[in-house]
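Here is how the chains run, residue by residue.
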Amino acid sequence: MDGMTTTPVLADAAAYARAAVDAQQAAAAYYAGGTSPLDDDAYDRLSRSIAAWEAAHPDQVHADSPTGKVAGGAAGGDVPHTRPMLSLDNVFSGDQFTAWASSLERRIGRSVERWSVEPKLDGLAVAARYERGRLARIVTRGDGTAGEDVSHAIGTVVGLPERLAEEATLEVRGEVLMTTDQFEAANPVRVAHGGEPFANPRNAAAGTLRARDRAYTVEMTFFAYDVLPSGEAGGPAGATAVEPAAGGLEHWPHSELLAYAAALGLHTSAATAVPGRVVTGAGVVLDRVAEIAALRAELPFGIDGIVIKADLAADRRDAGSGSRAPRWAVAYKLPAVEKITRLLGVEWNVGRTGIIAPRAVLEPVEIDGSTVTYATLHNPSDITRRDLRLGDHVMVYKAGDIIPRVEAPVARLRTGEEEPIGFPEACPQCGSEIDRSEQRWRCVRGRDCHLVASLSYAVGRDQLDIEGLGVSRIVQLVDAALVADLADLFTLTRERLLGLDRMGETSADNLLAAIATARTRPLSRVLCALGVRGTGRSMSRRIARHFATMDHIRAADAEAMRQVEGIGAEKAPVIVAELAELASVVDKLVAVGVNMTEPGVTPPPPPGSETQPPEGAREAGPLAGLAVVVTGAMTGPLQALSRNQMNELIERAGGKSSSSVSRRTGLVVAGEKAGSKRDKAEDLGIRLMDPDEFAAMLGDFLPR
Ligand code: IVH
């Protein structure tokens, strides 16, 4: 995780002055919720260069240097803070953290026994003032000494309740952000009201929090990270049951303050997959840092680092604070997941269902440990809406394994040389017409347009799992006109196969055997192989388990389709229409003997009978009704199963597979190297099993 530790050297006073102005402008745009012309890594590098130059030339430091400011150049406001809202110093590697921790320990003259390690939420800091349990005011950080009153946002921020569980008078500080879901819900609402889409959740939260009198409201989320006595009163008035320690709040361990906040009804990181934790020893801190970093990509909200704080009040008191940042806490910054680079071109690719998707060709840029050259551009109307142009500097986002995406152009870096992006007139794959009736354009030939891609998907490991059918083999079959759709695969004969180049007898026999096995796959796999738009692996399983047979699926109208968990009013008619479009292939698959039932699910009564619509045998099996989370590496009989096969197994046994542990989880199967999900299950008292126990419990349900 170490990296980004190089600090470019500023050559002279002029370079220093320029850097200070750039950093200030970027910080001002950042805090005001605009698009900063620098991404986070570039900003951090610039700040470090400035700090290094200032350390060498202390007599020449500019009065308004961003390093000396309480909050790094933020727009101020007119509501004074009860105590300054400080920033944090940064470290970028384990070594830097260890050095920082040693200097803190030297300063206080003892070792820090308890460290609180928590996610650094990527939003905006606010102070929320509660009076006798009522939320009276929300103030932004502003310049750190005074902020802006944004109390108009009361009622729109999840986790910042209007009433606390007790009549406490205090100030809660924390971060307001948009979760991924909130961001995805907010942008269409904003666009529908004539606004520009927000570039990212952080900007969206900043813009939303400060906007007054908008015709629409969108939701945000608050995470508390500090509790202070209110300016006037000296503590939480009336705190009773949840008060953990005696004395004023300033004497409480930080971890207990956060537990108190949670008990009052405020949202904290405790409710997430990366809860704040107290650990002992700097080495263990780094283990926890690595755990949180590893979970970053899966989190439903953005984090840009990990905050490490001395937990005990005495350590915090003895360390004290500088004018800009406390000495008892530090931010371990993670590499930025957003970078600015240039948009060099746009390619139009046809996917397996005939969707024509634009893809950005970028000036290569290193993001989160890998070089990004391509990124998705969503759809054509998105390009128009964002007014993207060739040559633009664009913000590119990538986290973990997700496909990088272009967020927005950085308008202030435009030179005037940028050019419009050309849109295709005809399908770039086959030259047919383009159906532009929906946001995502599609070749009128649909999945027939890109047969090779749709067949490759269909024979993949999580669908029909036909070994020996790689892309080049499929191209051969299509070119030789042996296969024109999925069902044709099942009509292949030994003779025809042997007529192909590079196809020996053994390969032909193996392939035919694999195809024969594919005929017996469960309905969920067959459905997934068909590549119905709007359904993937888990949705295909849900549909198959709900309806039990292909006949019932095909008989379902949109209303019936909506009975399947996760299918809403928008998706249901698309799936029904897709199935109608696939009717002839499905008929052919039936004719060639492909299985069309879901094992273990009781076929429902015939349509039109008195009894209820199919609910199958969904609730039967050893896992009936249980939400099951699998984590860590599987061993024993489960070792060979992919995650998809594990999910299938769980659902076959009546359970529901889920990826995160919560109070609703019924069972956690923890294999080797299981990490935080296992810990969370232990914390919540959820039943844990190792892979062998789980395999024994499932017995007959295991694949043979
Ligand atoms: S503690 C005096 N804890 O990061 C210490 N800050 O870059 C104040 N932030 O100004 C901050 N998550 O807006 C703290 N768990 C967390 C945080 C956090 C995000 C923000 C906060 C702070 C900024 C510094």
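Rules of the game
Residues numbered from 1 in each chain as written. Predicted model: local features only at pLDDT ≥ 70, side-chain atom pairs only at ≥ 80, totals over all residues. Heavy atoms only, no water. Near = heavy atom within 4 Å. Helix = DSSP H or I, 4+ residues; strand = E, 2+ residues; numbered from the N terminus. Nonpolar A, V, L, I, M, F, W, Y, C, P; charged D, E, K, R; others polar. Salt bridge = Lys/Arg side-chain N within 4 Å of Asp/Glu carboxyl O. Buried < 20%, exposed > 50% of the residue type's maximum accessible area, 1.4 Å probe, protein only. Axes fitted to C-alpha atoms, helices over the stretch in contact; angles between N-to-C directions. Parallel < 35°, antiparallel > 145°, perpendicular 65-115°, else oblique. Left-handed = near helix turned anticlockwise from the far one by under 90°. Contact = heavy atoms within 4.5 Å. Pairing = 2+ DSSP bridges. Core = buried A, V, L, I, M, F, W, Y, C linked by side-chain atoms within 4.5 Å. pLDDT = per-residue confidence, 0-100. 1 Å grid on protein atoms, 1.4 Å probe; cavity = no way out; pocket = protein on both sides within 12 Å on 5 of 7 lines; lining within 4 Å. Points joined across faces, edges and corners; volume = space filled by probe spheres on them. Right-handed = clockwise from strand over helix to strand, strands pointing away. Phe/Tyr/Trp six-rings, centres within 6.5 Å; stacked < 30°, edge-to-face > 60°. Lys NZ or Arg CZ within 6 Å of the ring centre and 35° of its normal.

Things to note about the site of the ligand
Not every one of the 14 residues close to the ligand is listed here, only the nearest: Glu-118, Leu-121, Arg-141, Glu-175 and Lys-309. Listed by contribution, the elements that provide at least two residues to the shell around the ligand are strand 3 (115-121) and strand 11 (303-310). The greatest single-element share of the shell around the ligand, amounting to four residues, is contributed by strand 3. Looking at the shell around the ligand, its residues break down into eight nonpolar, one polar and five charged.

Considering the pattern of salt bridges
If you walk through the whole model with that rule in mind, you get 40 salt bridges. Arg-324 is the salt-bridge partner of Asp-89, the closest N and O atoms lying 2.9 Å from each other. Here Asp-89 is found in strand 2 (residues 89-91), whereas its partner Arg-324 is found in the loop between helix 8 (313-319) and strand 12 (329-333), with 235 residues between them in sequence. On the basis of relative accessible area, Arg-324 is assigned to the partly exposed category, the value being 22%. Between Arg-210 and Glu-148 there is a salt bridge, with its nearest N and O atoms 3.0 Å apart. Here Arg-210, found in helix 5 (residues 201-210), pairs with Glu-148, found in the loop between strand 6 (146-147) and strand 7 (157-158); they are 62 residues apart in sequence, far enough to count as distant. Residue class for Arg-210 comes out partly exposed when judged on its relative accessible area of 27%. What makes Glu-148 buried here is its relative accessible area of 18%. Residues joined by salt bridges that share partners form a network here, namely Arg-442, Arg-447, Arg-533, Glu-578 and Glu-581.

Structural notes on the packing of helix 15 (residues 537-547) against helix 20 (residues 643-652)
In contact at an axis separation of 11 Å, helix 15 and helix 20 are set at 20° when each is read in the N-to-C sense. Taken together, the axes of helix 15 and helix 20 lie roughly parallel to each other. Our pair here, helix 15 against helix 20, has a crossing hand that is right-handed. Mapping the contact onto sequence places Arg-537, Arg-541 and Arg-545 in helix 15 and Asn-644, Asn-647, Glu-648, Glu-651 and Arg-652 in helix 20.

A closer look at the sheet that holds strand 7
Read across the sheet, five strands follow the order 5-4-8-9-7 without closing on themselves; strand pairing throughout is mixed. Of all the strands in the sheet, just strand 5 (134-140) and strand 7 have a single pairing partner and so form its edges. Note: strand 4 (residues 124-131) against strand 8 (residues 170-177), seven bridges, orientation antiparallel. Bridging from a neighbouring strand, Tyr-130 pairs with Leu-170 of strand 8. Along the sheet, helix 5 contacts strand 4, strand 5, strand 8 and strand 9 (220-229); its crossing angle with strand 4, the most-contacted strand, is approximately 40°.

A look at the nonpolar core
With 50 residues, the main nonpolar core has Ile-466, Leu-486, Leu-489, Leu-530 and Leu-589 as its most contacted residues. Every element with two or more residues in this core is listed here: helix 10 (451-458), helix 11 (471-479), helix 13 (505-518), helix 14 (523-530), helix 15, helix 16 (550-555), helix 18 (571-581) and helix 19 (583-591). If near-sequence neighbours (up to four positions away) are discounted, Leu-489 is found in contact with Leu-455, Val-459, Ile-466, Leu-469, Leu-477, Val-483 and Ile-515. Ranked by size, the runner-up nonpolar core spans 36 residues in total, among them Tyr-216, Val-218, Ala-224 and Trp-252.

Focus: the confidence of the model for the chain
Do not read the predicted coordinates in detail wherever pLDDT is low. Scored by pLDDT, the chain has a mean of 87; 91% of the residues are at 70 or more. By mean pLDDT, helix 1 (residues 13-32) is the weakest element of the chain at 76, and strand 3 is the strongest at 98. With pLDDT under 50 throughout, residues 69-73 is counted as low confidence; its partners more than four residues away or in other chains account for 20 contacts.

A short note on the layout of surface pockets
Computed from the structure, the second largest pocket encloses a volume of approximately 1400 Å³. Lining the second largest pocket we find 31 residues, and of these Glu-184, His-378, Asn-379, Gln-439 and Arg-440 sit closest to its centre. Of all the secondary-structure elements, those providing two or more residues to the lining of the second largest pocket are helix 4 (180-192), strand 14 (356-367), helix 9 (380-386), strand 17 (405-409) and helix 18. Looking at which element gives the most residues to the lining of the second largest pocket, the answer is helix 4, with six residues. Looking at the lining of the second largest pocket, its residues break down into twelve nonpolar, eight polar and eleven charged.

Thoughts on the sheet that holds strand 11
Strand order in the open sheet formed by five strands is 2-12-11-3-10, and the pairing between neighbours is mixed. Each edge of the open sheet is held by one strand with a lone partner, namely strand 2 and strand 10 (277-279). Put simply, the sheet's adjacent strands are angled 35° from each other on average, direction ignored. Relative to strand 10, strand 3 runs antiparallel, the two being bridged by three bridges. Bridged to Ser-116 within strand 10 is Val-278. Packed onto the sheet, helix 3 (residues 94-108) meets strand 2, strand 3, strand 11 and strand 12 and runs at close to 175° relative to strand 12.

Some words on the pairing of strand 22 (residues 667-670)
Neither face of strand 22 is exposed, since Leu-667 and Val-669 on one face and Val-668 and Ala-670 on the opposite face are all buried. Bridge count between strand 20 (residues 627-631) and strand 22: four bridges; the pairing is parallel. By the bridge assignment for strand 22, Val-630 is matched with Val-669. Taken together, strand 22, helix 21 (residues 676-684) and strand 23 (residues 687-689) form a β-α-β motif whose crossover is right-handed.

Let's talk about the packing of aromatic side chains
Here the structure, examined in full by the defined rule, presents nine aromatic pairs. Taking 4.3 Å as the distance between ring centres and 10° as the angle between the ring planes, the aromatic pair formed by Tyr-16 and Trp-53 counts as stacked. Placement of Tyr-16 in helix 1 and of Trp-53 in helix 2 (residues 40-56) is noted, with a sequence separation of 37 residues between them. Using a relative accessible area of 1% as the deciding quantity, one classes Tyr-16 as buried. By relative accessible area, Trp-53 is classed as buried at 6%. Ring centres of Trp-348 and Trp-441 lie 6.2 Å apart, and the angle between their planes is 15°; on these two criteria the pair is classed as stacked. Taken together, the positions of Trp-348 in strand 13 (residues 338-350) and Trp-441 in the loop between strand 18 (434-435) and strand 19 (442-443) put the pair 93 residues apart, joining distant regions of the chain. Take Trp-348 and Trp-441: they sit in the same class, and that class is buried. Through a chain of ring-to-ring contacts, the aromatic side chains of Phe-97, Trp-100 and Trp-115 assemble into a single cluster. In this structure, Arg-48 packs its charged tip against the face of Phe-92, placed 4.1 Å from the ring centre. Directly above the aromatic system of Trp-441 lies the positively charged group of Arg-436, at a separation of 4.7 Å from the ring centroid.

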